[in-house]
Amino acid sequence: MQNERDAACNINPLIGSNTADTIENLCTCLASVGESLATRHKDPAIQFFCISVAAALSYEAQQLKQKAA
């Protein structure tokens, strides 16, 4: 199973060492993309949406970490 994750990490750098890490990577990416798109299109709603989705994912990542501990 770890070999599959290692291979996936090599193909896609957003995939972390575990599910919580992957979710955190996606949060960071999503927040950055949202900020960039909002600036480009002069629409703060895009950034708000992306940050809201990232926050929900971050919450779930924290739940996974707590269950694993």
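Not measured: the values here are computed from a predicted model.

About the criteria used
- Residues numbered from 1 in each chain as written.
- Predicted model: local features only at pLDDT ≥ 70, side-chain atom pairs only at ≥ 80, totals over all residues.
- Heavy atoms only, no water.
- Helix = DSSP H or I, 4+ residues; strand = E, 2+ residues; numbered from the N terminus.
- Buried < 20%, exposed > 50% of the residue type's maximum accessible area, 1.4 Å probe, protein only.
- Areas by Shrake-Rupley, 256 points an atom, 1.4 Å probe, with all protein chains shown as cover.
- Lys, Arg positive; Asp, Glu negative; His and termini not counted.
- Charge placed at Lys NZ, Arg CZ, Asp CG, Glu CD.
- Disulfide = S-S within 2.5 Å.
- Core = buried A, V, L, I, M, F, W, Y, C linked by side-chain atoms within 4.5 Å.
- Contact = heavy atoms within 4.5 Å.

Focus on the overall build of the protein
Helix and strand counts for the protein stand at three helices and zero strands. In the protein, the order of α-helices and β-strands from amino to carboxyl end is α-α-α. By principal-axis analysis of the C-alpha atoms, the protein measures approximately 45 × 30 × 10 Å. Here the protein, with 69 residues, has 14% of them falling under the buried criterion. Accessible area of the protein: about 5,100 Å², with a carbon and sulfur share of 60%. Of the charged side chains in the protein, 5 are positive and 7 negative, and the gap between their average positions amounts to 6 Å.

Overview of the state of the cysteines
Here the structure, examined in full by the defined rule, presents zero disulfides. We note that Cys9 lacks a disulfide partner, and the nearest cysteine sulfur, in Cys29, lies 15 Å from it. Free cysteine: Cys50, not disulfide-bonded; nearest cysteine sulfur from Cys29 at 9.7 Å. Of the residues examined, Cys50 reaches a relative accessible area of 8% and is grouped as buried.

Here's the deal with the nonpolar core
Membership of the largest hydrophobic core is limited to five residues, which are Ala20, Ile23, Cys27, Ala54 and Ala61. The set of elements that each furnish at least two residues to this core consists of helix H2 (19–41) and helix H3 (44–68). The leading source of residues in this core is H2, at three residues. Among residues more than four places away in sequence, those in contact with Ala20 are Ala61, Leu64 and Lys65.

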